[in-house]
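Chain and residue survey
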Amino acid sequence: MTQLTTSSFVTFKRLLEYVRDKKLGIIGGVIGMLGYAAVDATFLYSLKPLLDEGLTGKNPDVLTYMPIFVLVIITARGLAAFMSSYCMAWVGNHVVMKLQRAVFNHLMQMPVAFFDKNSTGDLLSKITYDCNQVANAASNSLVSIFREGAMVVALLAMMFYQSWQLSLIFFVVGPVVGFVINKVSKRFRGLGHQIQAAMGSVTTSSEQMLKGHKEVLMFGGQSLEQDKFADVSNKVRRQNMKMISAQAISVPVIQFLASIALAFVLYLATFPQVMDTLTPGTFTLIISSMFALMKPIKSITQVNNEIQKGLAACDSLFAILDSDLEKDSGNKPIARVKGQIAFNQVTFHYQGKEKPALDNISFSVEAGKSIALVGRSGSGKSTIASIITRFYDGIEGDVSIDGQSIYDFPLDNLRSQMAYVSQKVHLFDDTIANNIAYATGDNYSREQIIAAATTAHAMEFIEQFPDGLDTLVGEDGVMLSGGQRQRIAIARALLRDAPILILDEATSALDTESERHIQAALEALQKDRTSIVIAHRLSTIENADQILVVDQGRIIEQGTHQFLSQHDGVYASLVKMQTAAS
């Protein structure tokens, strides 16, 4: 066995684990497939008594009952075909549903670093295109290959029973046919992987154009995007044509090999000593069976293409399922922390980057106090927030909350202690109320949602919508402005009432008037909570208990707004620049 064939067996064996609880459907499908093959073989076998007894007049009853036999056999064939197709489709769709759910659930628990390396389009392609390939392989293709395979076995058995001497020729041709199918399978499997990669590029290109449609129009990028999509779609076309070419070549080659056996049998029939052992019915039955073998052999070769594409898709999906999840070994949950946070000589590298994003950072903030992080873009401010929430692991040093390492908390317990408002607000395609109370179930009443929205100054615009809180915001909140989306996110954080608050440029999308309203709400929210505020506008952090100036992953200045403003440093320069700009 080749390495690829072994891999195919391992993949297929693993796929079978998803159908263990669907044994009834599999049994029904197998019965239907075997019944289908048996019915077709029986229909062919009826040629022998028809020729040897019916048409010769030896047994006139054969001609009498043959019309009834034909109707019964065709009815039985239809029932068997329906049973096999329905049962296997039922099993196949359950397999795909399980795989899609498994991949979806696995992706939800993957670390943020995984999504930094994999495009959304590629991942969507796996959930949609790859799963559809598995569906086709697990239902239609599997039905065809087993049903036609059973037909081949039934026909060969009937031929050997009638004349084993003539049928022995298939022992010579059979291994050659098997060798060709094995070679073709390798080609199909490799092309299947290439088509998946190409489909991922198509999804990615389409997604980028749709999400960046305004930018495409604004900067006249239509031709650029057209060329990109034309390139990736052409790659898919080329890979599909390679698959079709391999299939188109393999079918006539295999049929030619099978025809050699038929030609040899016809040649043997010219010898009187052979014909003397056969009746006309037996000879016709053998020749008809050989002709009938052409169709299932062709079908098996053609459907092998889909089977190999399905197995290649399984490889891709199983690679996702085998990826490491977020590390969650914490076993010391706390109902509600006080909020004291300490970074102790923390160094962190993003994967593949030599230069550290954080370089030996140390600071602490007392429970209920606020700390502000300022600095130019890329200095490491947001990385500090991502470390606290454990969006990224692999740090050197330690981060603790109330003296307990963040790695001792279970992940869900750790994150439940925090409310997070980022610069890039994501809203789900749902109502405003459901976005504010996202993933909280029935823990909060309508009145509490309204109170949070009011404090965030969101009710000012929500009440202007005809449906109020029940207004659908569209995909990623497309129906709302940037400032409105941010106020919804702030209301979401307010509702959580978490002891630790992380604001990552939370007021960046607000106009001056809205910012004043929100700033007042945030100051009220920060009371008795530990707050980490990442800000570009220094006017929003003047009342912070402590300000850290971060540059190239290091803390270069530290103190209150008044203290830092009076010293001729980076923070004082930033204050002067923003004051002059305003």
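What you see is a predicted model; the values in this text were computed from it and never measured.

The next thing to look at is the pattern of salt bridges. Here the structure, examined in full by the defined rule, presents 11 salt bridges. Arg 376 is paired through a salt bridge with Asp 551; the nearest N and O atoms lie 3.0 Å apart. Here the residue Arg 376 occupies a position in the loop between strand 3 (370-374) and helix 13 (381-388), and Asp 551 occupies one in strand 9 (residues 546-551), the gap between them amounting to 175 residues. The class of Asp 551 is partly exposed, set by a relative accessible area of 22%. Asp 497 is paired through a salt bridge with Arg 529; the nearest N and O atoms lie 2.0 Å apart. With a gap of 32 residues between them, Asp 497 in the loop between helix 18 (482-496) and strand 7 (500-504) and Arg 529 in the loop between helix 19 (512-526) and strand 8 (530-534) connect regions that are remote in the sequence. Judged by relative accessible area, which is 35%, Asp 497 ranks as partly exposed. What makes Arg 529 buried here is its relative accessible area of 14%.

Bringing the UniProt feature "transmembrane region" (unreviewed entry) in the protein into the picture now. When the UniProt feature table is mapped onto this chain numbering, "transmembrane region" (unreviewed entry) sits at residues 24-45, 65-91, 142-161, 167-184 and 248-271. With 100% helix and 0% strand, the stretch residues 65-91 has end C-alpha atoms that lie 39 Å from each other.

Attention shifts here to the packing of helix 16 (residues 446-455) against helix 18. Between helix 16 and helix 18, whose axes approach to 8 Å, the crossing angle comes to 125°. Comparing their axes, helix 18 and helix 16 come out oblique. The handedness of the crossing between helix 16 and helix 18 comes out as right-handed. Contact residues: Gln 448, Ile 449, Ala 452, Ala 453 and Thr 455 in helix 16; Ala 491, Leu 494 and Leu 495 in helix 18. The class makeup of the residues in the contact of helix 16 with helix 18 is six nonpolar, two polar and no charged.

Okay, a nonpolar patch on the surface next. Side chains of Ile 27, Ile 31, Phe 82, Met 83, Tyr 86 and Trp 90 sit close together on the surface and give an oily, nonpolar patch of about 630 Å² of accessible area. Elements supplying a minimum of two residues to the nonpolar patch: helix 2 (23-45) and helix 4 (61-108). Of all the elements, helix 4 adds the most residues to the nonpolar patch, at four residues. Within the fold, Phe 82 resides in helix 4.

Here we take up the packing of aromatic side chains. Scanning the model with the defined rule gives 10 aromatic pairs in all. Aromatic side chains Phe 82 and Tyr 86 sit 5.7 Å apart centroid to centroid with 20° between the ring planes, which places their arrangement in the stacked category. Here the residue Phe 82 and the residue Tyr 86 both occupy positions in helix 4, the gap between them amounting to four residues, near one helical turn. In this pair, the class of Phe 82 matches that of Tyr 86, namely exposed. Note on Phe 428 and Tyr 438: the rings are 4.3 Å apart at their centroids and 15° apart in plane angle, and the pair reads as stacked.

Below, the discussion takes up the nonpolar core. Membership of the largest hydrophobic core comes to 43 residues, with the highest contact counts inside it found for Ile 436, Ile 462, Leu 469, Ile 488, Ile 541, Ile 547 and Tyr 571. Take this core: its biggest share by element is seven residues, from helix 18. With residues up to four places along the chain from it excluded, the contact list for Leu 469 reads Thr 431, Ile 432, Ala 433, Ile 436, Arg 446, Ile 449, Ile 450, Met 459 and Ile 462. Judged by nonpolar contacts, the second largest core, of 30 residues, contains Ile 361, Phe 363, Leu 373 and Ile 532.

Turning to helix 18, a few remarks are in order. Counted at 1.5 Å a residue, the expected span for helix 18 with its 15 residues is 21 Å, and the 22 Å between its end C-alpha atoms agrees. Within helix 18, 12 of the 15 residues are buried, which leaves it mostly tucked inside the rest of the structure. Residues of helix 18 that are buried: Gly 483, Gln 484, Gln 486, Arg 487, Ile 488, Ala 489, Ile 490, Ala 491, Arg 492, Ala 493, Leu 494 and Leu 495. One or two residues past the end of helix 18 sits Asp 497, with phi positive at roughly 50°.

Criteria and cut-off values
Residues numbered from 1 in each chain as written. Predicted model: local features only at pLDDT ≥ 70, side-chain atom pairs only at ≥ 80, totals over all residues. Heavy atoms only, no water. Salt bridge = Lys/Arg side-chain N within 4 Å of Asp/Glu carboxyl O. Helix = DSSP H or I, 4+ residues; strand = E, 2+ residues; numbered from the N terminus. Buried < 20%, exposed > 50% of the residue type's maximum accessible area, 1.4 Å probe, protein only. UniProt positions renumbered as here; feature names shortened; annotations may be inferred. Axes fitted to C-alpha atoms, helices over the stretch in contact; angles between N-to-C directions. Parallel < 35°, antiparallel > 145°, perpendicular 65-115°, else oblique. Left-handed = near helix turned anticlockwise from the far one by under 90°. Contact = heavy atoms within 4.5 Å. Nonpolar A, V, L, I, M, F, W, Y, C, P; charged D, E, K, R; others polar. Patch = residues over 30% accessible without salt bridge, like charges linked within 9 Å, V, L, I, M, F, W, Y side chains within 5 Å. Areas by Shrake-Rupley, 256 points an atom, 1.4 Å probe, with all protein chains shown as cover. Phe/Tyr/Trp six-rings, centres within 6.5 Å; stacked < 30°, edge-to-face > 60°. Core = buried A, V, L, I, M, F, W, Y, C linked by side-chain atoms within 4.5 Å. Expected span 1.5 Å × (residues − 1).

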